[in-house]
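Chain by chain, the residues:
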Amino acid sequence: MNAKIIPTRLQGIVNAPSSKSLSHRYLIAAALSDGVSVIRNVTDSKDISATVDAMTALGAEISKNGSELTVKGIFSCESRPVSADIDCCESGSTLRFIIPIAAALGTASTFRGRGKLPERPITPYVREFAGKDVTFDYNNTMPFSVSGRLSGGEYNLEGDISSQFITGLLFALPLCEEDSIIRLTSPLQSAPYVNMTIDVLQHFGIEIRELSLGDHPAFLIKGNQKYIASDAVVEGDYSQAAFYYVANAMGSVITVNNLNEDSIQGDKEIMNIIRSCGMAMNPFTVDVGDIPDLVPILTVLGSFTNGVSRIVNAARLRIKESDRLTAIADALNNIGGQVEAGEDSLTIYPIKHFTGGTVDACNDHRIVMAAAIAATRSLNPVTIIGCEAVNKSYPSFFDDFRSLGGEVIFSE
């Protein structure tokens, strides 16, 4: 489906959707508990549905009433499946979080996916599980299968590939009999996501200790821990609110509700970046190692600074839903922007306005939303091909966009 955005500034009040990152984590922790938990304020999306279906396949019972999910944990159900077929759709979080969990439960599992997900690497798990009683039937794509029961011990992970591998192990290793240590062999990127995981685990009674065992962080995880059922309310998502805050920096007037001012979400950094630009729209250089999801909308923001802006340390974005560095550069250049994509960076040259045209969203939800916000400062309409990609994280985006005065014409 295509969306033709008629240029106009936005104005009004909008509720940020709930944090997708926190929703994944609360739902998984609840599903691993012995008891019943209620998770409130969950925004429905394809990624969250993938995690719900995955934990259901592993034995949890999850029912939905609007934005409230009631989760009967796996360890309070009478029996657990010995095998599971897990469709991760296009959710990298679901895939990388659930692989070690299925292994720790001893549930022989087949993992499926679509889009770019089969190309996204799981190499650290294949390597580290080799001596931990787990067998992979894996040929660098999907579907693949995992069997055996994960044992504890020492795990060595690169900290600069994806924090999702660390989170997956932090969820799984407390279920093992043995104590475990996760040692990082390179600097940790996306650290706020690991902190978020540890915070959620503590909420459900799991203790993780961070250690100093060298130049990089390490984590001690005691074995035989039990998840304790607990209710939770998911706070709003700063990575989604960022689109509206950048729209404001470009002339719109939007109030964003449903956000926690004391949030530990890394993407809250959008507030500081915009503040650093100031009324004069000063250029910025931002290391996005901890905030990769902000890159598309930061590229839009950089287009309206009064000098050359740069986004650096962004190589990992080449293996997202799209090659996100190339995708956002092409998208904005096609509508009059001036963006150069490097191997791990973006260089953004200032413009007075976008000129309009057509954007290929490359099946990437964040490219769709960034292009829609870019259109608010365009001389002519912007057509987004593949706008349905927003369903991955924010299905109501265009409803909210229209509620703020945005004009959207959909076509096949």
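The shown structure was predicted, so the numbers you read here are calculated from the model rather than taken from an experiment.

## Some details on the nonpolar core
In a soluble, globular protein the nonpolar side chains are often hidden away together inside.
Moving on, step 1. Counting residues in hydrophobic clusters, the biggest one holds 73 residues, and the most contacted among them are M55 and F111.
Moving on, step 2. A total of nine residues in this core trace back to one element, the largest contributor, which is helix 3 (residues 92-105).
Moving on, step 3. Within the second largest apolar cluster, 70 residues are counted, among which are V256, I274, L294 and A370.

## What to know about helix 5 (residues 163-172)
Moving on, step 1. The buried count for helix 5 comes to ten of ten residues, which makes it a mostly enclosed element.
Moving on, step 2. Of the positions making up helix 5, those classed as buried are S163, Q164, F165, I166, T167, G168, L169, L170, F171 and A172.
Moving on, step 3. The N-cap of helix 5, judged by a side-chain oxygen 3.1 Å from the amide nitrogen of Q164 a few residues on, is S162.

## Quick look at the packing of helix 2 (residues 46-57) against helix 3
Moving on, step 1. Where helix 2 meets helix 3, the axes come as close as 10 Å, and the angle between the chain directions of the two elements is 15°. Viewed along their axes, helix 2 and helix 3 adopt a mutual orientation that is roughly parallel. Here helix 2 runs over helix 3; the crossing is right-handed. Touching D47, A50, T51, A54 and M55 of helix 2 are T94, I98 and I101, all from helix 3.
Moving on, step 2. Partitioning the contact of helix 2 with helix 3 into residue classes produces five nonpolar, two polar and one charged.

## What about the packing of aromatic side chains?
Moving on, step 1. Counted under the stated rule, the structure contains 16 aromatic pairs.
Moving on, step 2. Seen from their ring centres, F136 and F144 are 6.3 Å apart, and the 35° between their planes marks the pair as tilted. With respect to burial, F136 and F144 carry one shared label: buried.
Moving on, step 3. A ring pair is formed by F397 and F401, whose centres lie 5.8 Å apart and whose planes are at 40°; its orientation type is tilted. In this pair, F397 and F401 both sit in helix 12 (residues 397-403), four residues apart, roughly one turn of the helix.
Moving on, step 4. Positioned above the aromatic ring of Y155, the side-chain terminus of K132 is 4.5 Å from the ring centre.

Each value, and the rule that gives it
- Residues numbered from 1 in each chain as written.
- Predicted model: local features only at pLDDT ≥ 70, side-chain atom pairs only at ≥ 80, totals over all residues.
- Heavy atoms only, no water.
- Core = buried A, V, L, I, M, F, W, Y, C linked by side-chain atoms within 4.5 Å.
- Buried < 20%, exposed > 50% of the residue type's maximum accessible area, 1.4 Å probe, protein only.
- Helix = DSSP H or I, 4+ residues; strand = E, 2+ residues; numbered from the N terminus.
- Polar contact = N/O pair within 3.5 Å; in protein donor to acceptor, adjacent residues only side chain to side chain.
- Axes fitted to C-alpha atoms, helices over the stretch in contact; angles between N-to-C directions.
- Parallel < 35°, antiparallel > 145°, perpendicular 65-115°, else oblique.
- Left-handed = near helix turned anticlockwise from the far one by under 90°.
- Contact = heavy atoms within 4.5 Å.
- Nonpolar A, V, L, I, M, F, W, Y, C, P; charged D, E, K, R; others polar.
- Phe/Tyr/Trp six-rings, centres within 6.5 Å; stacked < 30°, edge-to-face > 60°.
- Lys NZ or Arg CZ within 6 Å of the ring centre and 35° of its normal.

The quantities given are spatial measurements derived from coordinates; they are silent on function.
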